[in-house]
Amino acid sequence: MTNSQLTPGVVPGRLSPQEYSANFVDVAPRLSAHEASVAADRCYFCHDAPCMTACPTSIDIPLFIRQIATGTPEAAAKTILGQNILGGMCARVCPTETLCEGDCVRMESEGKPVEIGALQRFATDTLMAAGRHPFTRAARTDKSVAVVGAGPAGLAAAHRLAMKGHEVTIYDARLKPGGLNEFGIASYKAPENFASAEVEWLLQIGGITVVQNWQVGRVGDGTVTDLLAEYDAVFLGMGLSGVNALNLPGEELATPATDFIAELRQSDDLATLPIGRKVVVIGGGMTAVDAAVQAKLLGAETSTIVYRRSQGEMPASEHEQDHALGCNVRLICNAAPVAIHAVEGGLEVEFARTETTGAGLRKLDDTFRLKADQVFTAIGQTLGATPEELKLAGGKIAVDGAGRTSLARVWAGGDCAVGGEDLTVTAVAEGRDAAEDIHQFLMGE
Amino acid sequence: MADLRSDFVGIKSPNPFWLASAPPTDKEYNVRRAYEAGWGGVVWKTLGSEGPPVVNVSGPRYGVIYGADRRVLGINNIELITDRPLEVNLREIKSVKRDYPDRALVVSLMVPCDEASWKAILPLVEETSADGVELNFGCPHGMAERGMGSAVGQVPEYIEMVTRWVKQNTRMPCIVKLTPNISDIRKPAEAAKRGGADAVSLINTINSITSVNLDEFAPEPMIDGMGTHGGYCGPAVKPIALNMVAEIARSEATRGLPISGIGGVTTWRDAAEFMALGAGNVQVCTAAMTYGFKVVQEMISGLSDYMDRKGMVSTSEIVGRAVPKVTDWQHLNLNYVTKAVINQDDCIKCGRCFAACEDTSHQAIAMDEDRTFTVKDEECVACNLCVDVCPVDCITMRELPKGETDPRTGRAVGDYANWTTHPNNPSSANFCGVRPAE
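Given the structure is predicted, the values throughout are model-derived calculations rather than measurements.

Engineer: What's the story with the overall build of chain A in this structure? I'm lost.
Structural biologist: The number of helices and strands found in chain A is 16 helices and 19 strands. Its C-alpha atoms give chain A a radius of gyration of 22 Å, within 12% of the compact-globule value 22 Å for 445 residues. Along the longest, intermediate and shortest principal axes, the C-alpha atoms of chain A span 70 × 55 × 50 Å. Counting every position in chain A, which comprises 445 residues, the buried fraction comes to 49%. Taking the contacts inside chain A whose residues are at least 6 apart along the sequence as the reference set, 70% of them involve residues at least 24 apart.

Here you go:
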């Protein structure tokens, strides 16, 4: 090993092969059957359960846990997947502490919720390990639907539409399906290529064709109008392809954290990934945490998240914050970037202290500089190129409750559409619900 | 530390916790460990007549019922009486009793239903210096088919006859162990008393099939693809045992007959409950088989703690204390009215009370949009189901004082009145209906 954590600059191979594999193991391994049974026994089988209400996909959590407790994890999986076809990934990435587990009545009694996420993973993993796909397609209709984006929203919509008997073609801009599940999530949350295995499993329903490297509006690919000419309906779930700009001097010296995460996720050999000795991540959401933690796990000597507001206001959940701190990521709050300077031997990021006033966030005169070899920005994403005939709202595609856009026969869901939090589980719910509405529309004709 | 010393039909032990005749008391090794752990006494696993001992199956002997987290709630067994030679057991009994003279050691017996068999074994037991004998008239499997165990215990005349033989042929105190596999537990108890028994012990195990193997379609425990009923014990049987103990304790014919309470005693509280219903001491098996002999230490400290809190100096202050409070349904006060009250501070909003009441009871709990659950007094019949299913014990029953109007019936709470005088009771002098023509 030629490089170490102390090697200056941005270099690969800071760690030993053993350290790389130890750092990127499954952050929350699957429960054993015994652990699952003990955890399941804690569920009270609440009436009109709060956890179920808190789940954006309304999974019948008490029922699936009871199915685990009574020795039928595959039936439990079917309960989960019937509501949320990406229940396997959601079990891994959902911020359960702010959703189902946050509302578990055990929080009230003991401060320790039933481990719903872990139990969901136990059930879905059991079924997927058996290689079974528990759903079958209805009788074929003669309808076809184009789905743009093979991320959570698009996959959920496609699966539901295929299940209803329609023919589905997914058009995806990347070279591999999965969307953020494949490219945008810390790799220790879904190791062993879970995202692509899940897509493969999902496609077992049949009736879904996936076209890769096709971007809506790109010359040579096609437009929404083109799709409408060929298909009976279109679902847009292409996510957010742009990133917000910092709008400050030296911005070009920073890299979007999403690019770093995607590159890491697709890497076959982590030792070849260059990482800075000192890494600074600007932002306060899940992406900031994923980037900062993984920088540390790749061998950065220091990895620092700088967030402009207070810690309590961070979009990253408390659980995520704790994880970052547990990985020795440093957290600086109430500091906003002012400039990025190229200096002798690297970079310096200049921050101004901030305070929140009635009029909003205000930068103070008090500034400081952080040395950095690598700067990542994780300050939110944007829609990117928009099919211009679509009405937008707040920078996203405007939709009604069923995901209908301003254009006839066009639906949208997931991060590219308004409403809901930008979570995998929300995207799945929106894709599923739009598919149901598309189905109603197609069959009502 | 309260004085837990116990004197049961003249048999003294440092505490009222005995191990029941069962696998834990089959050998000197186990019994020594039990005494070392603190058990006040043991009833040695049932001895049979001299000669080739019985043979047990070499497959599984136990079936089980689990609660949450695989907590053992009930065990059933198809083990027989001791399968070790009589002389070995007698030698070991003598050796143990010599080393632990302060502990109770009672020997359980089951021999064929003829006087000669009993006459033969009793002197052998006496010779060990054991404190007494317990007649196993309860074992429901294996031995019953050979005319012993519950085959005797189900026929009061046999109980009386055998008990008399025993009393005529030994100076030792004689405890008759009763089977619950009978419709009226008072009959065998009366028979034992008539035969001169010093005490009865109950309950023995209950005929049971704990589970069915759904791959092999056979009862479990499964022996080479077949199963048979076994004897059920453990916490699950406690309510049945408590009732049977109480029936004997309050029956005119058997009142005062000493009782050794058996059936799912797992904690000090279980023991105290048996004693309150008339048991002079308790015998334990499943708790020891589940957790080991050390459980007795919790029973000792728990009972002692309870007695200290209550200012009791002797366990005799507990024994039988609840018996006068056990009555028949028709004597219950029909003018006693309570209403469930949900403590909102402690409620965790699980809604189990609501589901139970709404689906299976009287629709007496309201659920708000914010999941606040409140009792509708005008519907609440005070059935207690909400209290029973609440996981955090935040529901209590409030007694309506005399004179307060019950919103359900619109009537003010009145003085004590029971079914015997109720106007709806055709046998009552106050009957309000029309009696069928004579």
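Engineer: Would you mind going over the overall build of chain B with me for this structure?
Structural biologist: When helices and strands are counted, chain B shows 12 helices and 22 strands. Summarising the internal contacts of chain B: among those between residues at least 6 apart in sequence, 69% fall at separations of at least 24.

Engineer: Looking at this structure, how should I read the interface of chain B and chain A?
Structural biologist: Interface size is often expressed as the accessible area that is lost when the parts come together. Contact with chain B, which involves 12 residues of that partner, is made by 10 residues of chain A. Grouping the constituent residues of the side of chain B that touches chain A by class yields 7 nonpolar, 1 polar and 4 charged.

Engineer: I tried to follow the packing of helix H13 (residues 257-266) of chain A against helix H14 (residues 286-297) of chain A on my own but got confused; where do I start?
Structural biologist: Helix-helix packing is characterised by the crossing angle of the two axes and by the distance between the axes. Residue and element names in this part refer to chain A. At their nearest, the axes of H13 and H14 sit 9 Å apart, and the two run at 55° to each other. On the basis of their axis angle, the class for H13 and H14 is oblique. Regarding H13 and H14, the two cross each other, and that crossing is left-handed. On H14, the residues that touch Ala257, Thr258, Phe260, Ile261 and Leu264 of H13 are Thr287, Ala288, Asp290, Ala291 and Gln294. For the contact of H13 with H14, the per-class residue count stands at 6 nonpolar, 3 polar and 1 charged.

Engineer: I keep staring at the domain arrangement of chain B and nothing clicks. Help me out?
Structural biologist: Domain assignment breaks chain B into domain 1 (6-325) and domain 2 (329-421). Centre-to-centre, using C-alpha coordinates, domain 1 of chain B lies 40 Å away from domain 2 of chain B.

Engineer: I would appreciate a short explanation of helix H11 (residues 352-360) of chain B in the present structure.
Structural biologist: Residues three or four positions apart in an α-helix share a direction because the helix packs 3.6 residues into each turn. Those residues of H11(B) that sit buried are Arg352(B), Cys353(B), Phe354(B) and Cys357(B). Buried residues in H11(B) make contact with strand S20 (365-367), strand S21 (373-375), helix H12 (385-389) and strand S22 (395-399) of chain B.

Engineer: Would you mind showing me how to read the nonpolar core here?
Structural biologist: The nonpolar side chains of a soluble globular protein tend to be buried with one another. Of all hydrophobic cores here, the largest spans 153 residues; its most connected members are Ile61(A), Ile68(A), Phe235(A), Val281(A), Ala291(A) and Ala292(A). With 96 residues, the next largest nonpolar core counts Ile248(B), Cys285(B), Ala287(B) and Val295(B) among its residues.

Engineer: Sorry, what's going on with the sheet that holds strand S6 (residues 72-77) of chain B here?
Structural biologist: Strand pairing in a sheet takes place through backbone hydrogen bonds and is either antiparallel or parallel in direction. Residues and elements named next belong to chain B. If you trace the 4 strands from one edge of the open sheet to the other, you get S5-S6-S16-S11, paired in antiparallel fashion. The sheet is open, and its two edges are formed by strand S5 (62-66) and strand S11 (206-208), each paired on a single side. On average, each strand axis in the sheet is tilted by 35° relative to the strand beside it, whichever way the strands run.

Engineer: Help me understand the sheet that holds strand S9 (residues 174-177) of chain B, please; the structure alone is not making it clear to me.
Structural biologist: All names here are of chain B. Within the closed barrel, the 8 strands sit side by side as S3-S4-S7-S8-S9-S10-S17-S18. Their pairing is parallel. Strand-to-strand, the axes of this sheet are offset by a mean angle of 25°, without reference to chain direction. Judged from the 3 bridges that link them, strand S3 (residues 17-19) and strand S18 (residues 279-284) form a sheet pairing that is parallel. In the strand pairing of S18, Trp18 is matched with Gln283.

Engineer: How should I be thinking about the domain arrangement of chain A in this particular structure?
Structural biologist: Structurally, chain A comprises domain 1 (10-25 + 244-380), domain 2 (33-129) and domain 3 (144-241 + 383-444). When each unit is reduced to the centre of its C-alpha atoms, the spacing between domain 1 of chain A and domain 2 of chain A is 33 Å.

Engineer: Whenever I open this one, the pairing of S18(B) confuses me. Can you help?
Structural biologist: Note on strand geometry: in a regular strand, side chains alternate between the two faces of the sheet. All names here are of chain B. Of all 6 residues that make up S18, 6 are buried, and the element is covered over most of its length. Pairing analysis gives 4 bridges linking strand S17 (residues 259-262) to S18, with the strands arranged parallel. Within S18, the residue paired with Ile262 across the bridge is Gln283. For the crossover that starts at S17, traverses helix H8 (residues 268-276) and ends in the parallel S18, the hand is right-handed.

Engineer: It is not clear to me how the packing of helix H5 (residues 156-169) of chain B against helix H6 (residues 186-194) of chain B should be interpreted in this structure. Could you clarify?
Structural biologist: Residue and element names in this part refer to chain B. Across the interface, H5 lies against H6 with an axial gap of 7 Å and an inter-helix angle of 25°. Compared by their axis directions, H5 and H6 come out roughly parallel. For the pair H5 and H6, the crossing hand works out as right-handed. On H6, the residues that touch Pro156, Glu157, Ile159, Glu160 and Thr163 of H5 are Lys187, Pro188, Glu190, Ala191, Ala192 and Arg194.

Engineer: Which parts of the structure should I look at to understand the environment of Gly195(B)?
Structural biologist: Residues and elements named next belong to chain B. Assignment of secondary structure puts Gly195 in the loop between H6 and strand S10 (199-202). C-beta crowding within 10 Å serves as the criterion here: with 23 such atoms nearby, Gly195 is assigned to the buried category. Note: C-alpha distance between Gly195 and Ile159 (36 residues apart in sequence) is 7.4 Å. Leaving out residues up to four positions away in the same chain, Gly195 has contacts with Ile159, Glu160, Met161, Thr163, Arg164 and Lys167.

Engineer: Before we go on, may I ask you to explain the environment of Thr126(A) in this structure?
Structural biologist: Residues and elements named next belong to chain A. By the secondary structure assignment, Thr126 is in helix H8 (residues 116-129). Looking at Thr126, the number of C-beta atoms within 10 Å reads 19, which means it is partly exposed. Counting along the chain gives 79 residues from Thr126 to His47, while the straight-line C-alpha distance between them is 27 Å. The contact partners of Thr126, leaving out residues within four places of it in the chain, are Pro73, Glu74 and Ala77.

Engineer: Just checking my understanding: could you explain the pairing of strand S9 (residues 278-283) of chain A for this structure?
Structural biologist: Residues and elements named next belong to chain A. With 6 of 6 residues buried, S9 is to be regarded as a mostly interior element. Of the two faces of S9, the one holding Lys278, Val280 and Ile282 and the one holding Val279, Val281 and Gly283 are both buried throughout. One ladder, built from 5 bridges, connects S9 with strand S10 (residues 302-306); its direction is parallel. Along S10, the bridge assignment pairs Val279 with Ser303. Handedness of the crossover joining S9 and S10 through H14 is recorded here as right-handed.

Engineer: What exactly am I supposed to notice about unusual backbone geometry here?
Structural biologist: Excluding glycine, a negative phi dihedral is what most residues carry, and trans is how most peptide bonds are arranged. Residue and element names in this part refer to chain B. Across the junction of Leu202 and Ile203, the peptide omega takes the value 10°, indicating a cis bond. Structurally, Ile203 can be placed in the loop between S10 and S11. Here the bond from Glu220 into Pro221 is cis, since omega is 5°, no more than 30 degrees from zero. Mapped onto the fold, Pro221 is located in the loop between strand S13 (218-220) and strand S14 (222-223). A positive phi angle, near 70°, is found at Ser129, a position not held by glycine. Although it is not a glycine, Asp224 adopts a positive phi angle of roughly 55°.

Criteria and cut-off values
Residues numbered from 1 in each chain as written. Chains lettered and ligands numbered in written order. Predicted model: local features only at pLDDT ≥ 70, side-chain atom pairs only at ≥ 80, totals over all residues. Helix = DSSP H or I, 4+ residues; strand = E, 2+ residues; numbered from the N terminus. Rg over C-alpha atoms; globule rule 2.2 N^0.38 Å. Buried ≥ 20, exposed ≤ 12 C-beta atoms within 10 Å, placed from the backbone. Contact = placed C-beta atoms within 7 Å. Nonpolar A, V, L, I, M, F, W, Y, C, P; charged D, E, K, R; others polar. Axes fitted to C-alpha atoms, helices over the stretch in contact; angles between N-to-C directions. Parallel < 35°, antiparallel > 145°, perpendicular 65-115°, else oblique. Left-handed = near helix turned anticlockwise from the far one by under 90°. Domains from an automatic or database assignment. Core = buried A, V, L, I, M, F, W, Y, C linked by C-beta atoms within 7 Å. Pairing = 2+ DSSP bridges. Right-handed = clockwise from strand over helix to strand, strands pointing away.

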